[in-house]
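# An overview of the molecular structure
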Amino acid sequence: MSMLGLVVATNIFQMYLFWELVGVSSYLLIGFYYPLKAAVAASKKAFIVTRFADMFFLIGILIFGYYTGSFSFSFVNNLNMAESAQPFIAANMDKALGFGACVIPTALVLMFIGGAGKSAMFPLHIWLPDAMEGPTPVSALIHAATMVVAGVFQIARMFPLWIEYAPQAMNIIVWVGVFTAFYAAAVACAQSDIKRVLAFSTISQIAFMMVALGVCLPGHEQMLDNHMQLGYMAGMFHLFTHAMFKACLFLGAGCIIHAVHSNEMSMMGGLRKYMPITHITFLISCLAIAGIPPFSGFFSKDEILTAAMQYSTVVGWIMTGVAAMTAFYMFRLYYGIFWGTENKEAHAHHTPHEAPWTMTFPLVFLSLITILGGF
């Protein structure tokens, strides 16, 4: 309900109310196993970090509302603008330049900090790996649905304002996204807990979406239009495709943990013999997130890399390198679980087994739309 309200909100303040309800939902879901101290600590950490970021979001909304006289996403066409909105009327061009160059970009950047907290951008990413203490289906929900990608949606929803009043400030979105994508991918390469690998993978993939939304070229009108459409479309498309394969990966991880009673890769290995359905669906999702054609992740990630390369060769090559790192850590995870040396000692006490159909059916369904989603 909170996520639906956030998406269909008709103004920024309404979005903020549902935004906070999503935060409460995250807190309650992460702390679901309340007898566990780690789960309670993780839920508190998630709540405090995201509320800290949301304080900036609220300040940005108040600044924006005060100086424009509106909470609308397209306040420029508001015929009943308050007196304070006069700077945006062409007759007061001197004031318009002053306010347009300072106040609105400041408000938008403050709102972006709120989005960076919700979408776990560096340095506000610290809550998301710990959120893996929650149940695995909750992890799938948090990472695939609007809970974590709400920050990306916020930037996308206010994209006309960014383009019109703060195109240069979008460089902040780009470079925060670039660093976060690289950092999270590097950390994912060194994790042994399979859910933490997927958590850092989510941080990296959301950073891809942020970079896609941020790469616009102020200046040349025609280039701006074409490039803006490419980056905006690519970011939203990756948000769409990522939901499918990331949900499949997390639910697959849940089946694996259910089979071996551990999150650690050292307790796994050779599980393809015991879990054929989970093996195939996990492989399909790994191929998709790695950007291998013809899976859905290839189409969206390819568009992001194209947009990034048009924005800056440096950004384009960094993101290409991060895409290669994604393939590395995902197939490190895949081989470690399904093809690595079998832990016979661990498996002697408890023989791994395929999950029941109530758990495998969603995997099959998600893997099918992962294959077809790109088309």
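One can find the structure itself at the top, above this paragraph.
What comes next is a walk through the structure.

Analysis parameters
Residues numbered from 1 in each chain as written. Predicted model: local features only at pLDDT ≥ 70, side-chain atom pairs only at ≥ 80, totals over all residues. Heavy atoms only, no water. Patch = residues over 30% accessible without salt bridge, like charges linked within 9 Å, V, L, I, M, F, W, Y side chains within 5 Å. Areas by Shrake-Rupley, 256 points an atom, 1.4 Å probe, with all protein chains shown as cover. Salt bridge = Lys/Arg side-chain N within 4 Å of Asp/Glu carboxyl O. Helix = DSSP H or I, 4+ residues; strand = E, 2+ residues; numbered from the N terminus. Buried < 20%, exposed > 50% of the residue type's maximum accessible area, 1.4 Å probe, protein only. Disulfide = S-S within 2.5 Å. Phe/Tyr/Trp six-rings, centres within 6.5 Å; stacked < 30°, edge-to-face > 60°. Lys NZ or Arg CZ within 6 Å of the ring centre and 35° of its normal. Axes fitted to C-alpha atoms, helices over the stretch in contact; angles between N-to-C directions. Parallel < 35°, antiparallel > 145°, perpendicular 65-115°, else oblique. Left-handed = near helix turned anticlockwise from the far one by under 90°. Contact = heavy atoms within 4.5 Å. Nonpolar A, V, L, I, M, F, W, Y, C, P; charged D, E, K, R; others polar.

Before going further, it helps to spend a moment on a nonpolar patch on the surface. There is a patch of nonpolar side chains on the surface, built from Trp175, Phe182, Val314 and Ile318 and spanning about 370 Å² of accessible area. Considering the arrangement of structural elements, one finds Phe182 in helix H9 (residues 170–188). Classification of Phe182 as partly exposed rests on a relative accessible area of 42%.

What follows deals with the pattern of salt bridges. Opposite charge on two side chains allows them to pair when their charged atoms are near. Scanning all chains against the criterion turns up four salt bridges. Lys45 serves as the salt-bridge partner of Asp130, at 2.8 Å between the closest nitrogen and oxygen. Residue Asp130 is found in helix H5 (residues 127–130), and its partner Lys45 is found in helix H3 (residues 37–68); the two are separated by 85 residues along the sequence. Between Asp130 and Arg196 there is a salt bridge; the shortest N-O distance is 3.5 Å. Here Asp130 is found in helix H5, whereas its partner Arg196 is found in helix H10 (residues 194–214), with 66 residues between them in sequence. Judged by relative accessible area, Asp130 falls into the partly exposed class, the value being 24%. Within the structure, one salt-bridge network assembled from shared partners comprises Glu20, Arg51 and Asp54.

What follows covers the state of the cysteines. Evaluation of the coordinates by the stated rule reveals zero disulfides. Left unpaired, Cys248 is separated from the closest cysteine sulfur, that of Cys255, by 9.1 Å. Since its relative accessible area comes to 0%, Cys248 is described here as buried. For Cys255, a relative accessible area of 1% gives the class buried.

One pass over the structure, following the stated rule, counts 19 aromatic pairs. Arranged with centres 5.5 Å apart and planes meeting at 25°, the rings of Phe13 and Phe71 form a pair that is stacked. In this pair, Phe13 is assigned in helix H2 (residues 12–30) and Phe71 in the loop between H3 and helix H4 (93–118), connecting sequence segments 58 residues apart. What makes Phe13 partly exposed here is its relative accessible area of 32%. Accessibility expressed as a relative area gives 32% for Phe71, which makes it partly exposed. Ring-pair connections join several aromatic residues into one group, and the members of that group are Phe13, Tyr16, Trp19, Phe57 and Phe71. The positively charged end of Arg272 is found above the aromatic ring belonging to Trp339, 3.9 Å away from the centroid. In this structure, Lys301 packs its charged tip against the face of Phe208, placed 5.1 Å from the ring centre.

Moving on: the packing of H10 against helix H13 (residues 296–311). At a minimum axis distance of 9 Å, the contact between H10 and H13 shows a crossing angle of 45°. Looking at the two axes, H10 sits oblique to H13. When the axes of H10 and H13 are compared, the crossing they make is left-handed. Where H10 abuts H13, its residues Gln205, Phe208, Met209 and Ala212 lie against Lys301, Ile304 and Leu305. Here the residues of the contact of H10 with H13 sort into five nonpolar, one polar and one charged.

That's the geometry; what it means functionally is another story.
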